[in-house]
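Structural overview for review
What follows is each chain in one-letter form.
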Amino acid sequence: MNPNFKKICFDLLEGLSQRQKEIIIRRFGLQSGKKETLEAIGKSFGVTRERVRQIESEGISKIKKKLGVLDGLYKNFQKELEKSGNLRKEDVFFSLLGEKEDSPYIFFLLFLNEKFQRQAETRETYSLWTISLESLILAKKIIEAFSKKLKEIGKPLELEKLVSFFDSFSKIKKEYLNSYLEISKIIQKTPDNLYGLKEWPEVNPRNIRDKAYLIFKKEQQPLHFSQVAKLIGPEALTQTVHNELIKDPRFVLVGRGLYALKEWGYEEGFVKDIILKILKKANRPLTKEEIIDEVLKQRVVKKSTILLNLSNKKYFLKLSEGKYTFQK
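Given the structure is predicted, the values throughout are model-derived calculations rather than measurements.

1. Some remarks on the overall build of the protein
- Summing up its helical and strand segments, the protein has 16 helices and eleven strands in all.
- Taking the contacts inside the protein whose residues are at least 6 apart along the sequence as the reference set, 56% of them involve residues at least 24 apart.
- Accessible surface, the protein as shown: approximately 19000 Å² in total, 50% of it carbon and sulfur.
- Once the 63 positive and 44 negative side-chain charges of the protein are each reduced to a mean point, those two points are 4 Å apart.

Dropping the structure here:
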């Protein structure tokens, strides 16, 4: 059972002046859950923001003298960080310590103890808490190295594979690495437990097309557009998915309503275009059976559809030995 963080915090406020108490409650959102600025509080009291800061500082100094009674609580906080390599993304750390509504109180308690250092959100990292600046430096070093490697490789990788490229990181525990990468805004973990750059659509899908792309990557086979819509979820209308697949060059129509990824080696075009490409690539006449076999690698169609296209004399010529070539 989680401690009563609210009671702990308000017990700490006992003994302060009414003004000190109110300013700290408002500054840390201990009543409303919403932090207020020095300036906003100063206006309501009719004093300067600097005076509010002084009153807050005086109250905090008094509270810090009482922290000895919370040694057990702080040891639990420290153990939780130690399990994760001495740092944790703020929202994840708070969720491990208590409930969502406990967040303002946990923040306040951590703020009071100088052993726990907070780094505010930056362009590269989310807000986090640490008990070791050396661990934070290591985490940033790992994020930078992994980012460069992922850019070089161009696809998401399992953590073990990423680590294998760096001898210097090979002895770091997996749970530490997960915690370090968790703070990054550049690298993101996929539902399949792969790590990739957040800007990649297969890692952070932004629209229906990207979500469809992820579905194909997962299923690894041609799919009907209605099936893709169903796999994406209720937010994806069937006709919308069909329209998006048509417009996106990553997808190729390979049968009646069936699509596949171009990166799998599927060629664009109608059946006749596929036959033409096959004959030109072979650079020799092919039998009917050879053509059918090759077309079926590219399209999910009936053999009769292939033969119908093959009988088009505008594009194809049947030679005396029964083989086919294309009209020049």
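On we go from here.
2. Thoughts on the packing of aromatic side chains
- A complete count under the given rule lists 15 aromatic pairs for this structure.
- Between F107 and W129, the ring centres sit 5.7 Å apart and the planes meet at 80°, which makes this aromatic pair edge-to-face. Residue F107 is located in helix α7 (residues 103-112), and its partner W129 is located in strand β3 (residues 128-130); the two are separated by 22 residues in the primary sequence.
- These aromatic residues form a ring-pair network of at least three members: F28, F107, F108, F111 and W129.
- When the ring centre of F165 is taken as reference, the NZ or CZ atom of K149 above it lies at 4.7 Å.
- We note K272 situated over the ring of Y315; from NZ or CZ to the ring centre the distance is 4.8 Å.

3. Brief notes about the sheet that holds strand β5 (residues 187-189)
- If you walk across this open sheet you meet the three strands as β4-β6-β5, and the pairing is antiparallel. The two strands at the open ends of the sheet, each matched to only one other strand, are β4 (157-158) and β5.
- Here two bridges tie β4 to strand β6 (residues 194-197), and the two strands are oriented antiparallel to one another. The partner of L157 across the bridge, within β6, is Y195.

4. A short note on the pairing of strand β9 (residues 258-261)
- Residues L258 and A260 point to one face of β9 and Y259 and L261 to the other, with burial holding for every one of them.
- Inspection of the sheet shows strand β7 (residues 223-224) paired to β9 by two bridges, in the antiparallel sense. Bridge pairing in β9 places L223 opposite Y259.
- In textbook terms, the turn of a hairpin is the stretch between consecutive antiparallel strands, and for strand β8 (residues 251-255) and β9 this stretch comprises two residues, one of which, G257, has a positive phi near 80°.

5. Quick notes on the side chain of S147
- Among the structural elements, S147 can be located in helix α8 (residues 133-153).
- Here the side chain of S147 touches I143 through a polar contact of 2.7 Å, landing on its backbone oxygen.
- Beyond its immediate sequence surroundings of up to four residues, S147 is in contact with I186, I187 and L197.

6. Let's talk about the packing of helix α11 (residues 208-219) against helix α12 (residues 225-232)
- Interhelical geometry of α11 versus α12 gives an angle of 100° and a closest axis separation of 10 Å. Classified by the angle between their axes, α11 and α12 sit roughly perpendicular to one another. Across from I208, K211, A212, I215, F216 and E219 in α11, the residues of α12 making contact are V228, L231 and I232.
- In terms of residue class, the contact of α11 with α12 is built from seven nonpolar, no polar and two charged.

7. Some points on α11
- With twelve residues, α11 should cover 16 Å at 1.5 Å per step; its first-to-last C-alpha distance of 16 Å lies within 8% of that length.
- Three or more residues of α11 are buried, namely I208, D210, A212, Y213, I215 and F216.
- Elements that come into contact with the buried residues of α11 comprise β7, α12, α13 (238-247), β8 and β9.
- Its side-chain oxygen 3.2 Å from the backbone nitrogen of R209, N207 forms the N-cap of α11.

8. A word on the packing of helix α14 (residues 271-282) against helix α16 (residues 303-310)
- With their axes 9 Å apart at the nearest point, α14 and α16 run at an angle of 70° to one another. Classified by the angle between their axes, α14 and α16 sit roughly perpendicular to one another. Facing V271, K272 and I275 of α14, the residues of α16 in contact are T305, I306, N309 and L310.
- Taken together, the residues of the contact of α14 with α16 break down into four nonpolar, two polar and one charged.

9. So, the pattern of salt bridges
- Counting across every chain of the model gives 27 salt bridges.
- Where K7 meets D11, a salt bridge forms, and the shortest distance between an N and an O atom there is 2.9 Å. One end of the pair, K7, and the other, D11, are both in helix α1 (residues 5-13), four residues apart, so they sit about a helical turn from each other.
- Under the relative-accessibility criterion, D11 is labelled partly exposed at 41%.

Reading the values: rules and limits
- Residues numbered from 1 in each chain as written.
- Predicted model: local features only at pLDDT ≥ 70, side-chain atom pairs only at ≥ 80, totals over all residues.
- Heavy atoms only, no water.
- Helix = DSSP H or I, 4+ residues; strand = E, 2+ residues; numbered from the N terminus.
- Contact = heavy atoms within 4.5 Å.
- Areas by Shrake-Rupley, 256 points an atom, 1.4 Å probe, with all protein chains shown as cover.
- Lys, Arg positive; Asp, Glu negative; His and termini not counted.
- Charge placed at Lys NZ, Arg CZ, Asp CG, Glu CD.
- Phe/Tyr/Trp six-rings, centres within 6.5 Å; stacked < 30°, edge-to-face > 60°.
- Lys NZ or Arg CZ within 6 Å of the ring centre and 35° of its normal.
- Pairing = 2+ DSSP bridges.
- Buried < 20%, exposed > 50% of the residue type's maximum accessible area, 1.4 Å probe, protein only.
- Polar contact = N/O pair within 3.5 Å; in protein donor to acceptor, adjacent residues only side chain to side chain.
- Axes fitted to C-alpha atoms, helices over the stretch in contact; angles between N-to-C directions.
- Parallel < 35°, antiparallel > 145°, perpendicular 65-115°, else oblique.
- Nonpolar A, V, L, I, M, F, W, Y, C, P; charged D, E, K, R; others polar.
- Expected span 1.5 Å × (residues − 1).
- Salt bridge = Lys/Arg side-chain N within 4 Å of Asp/Glu carboxyl O.

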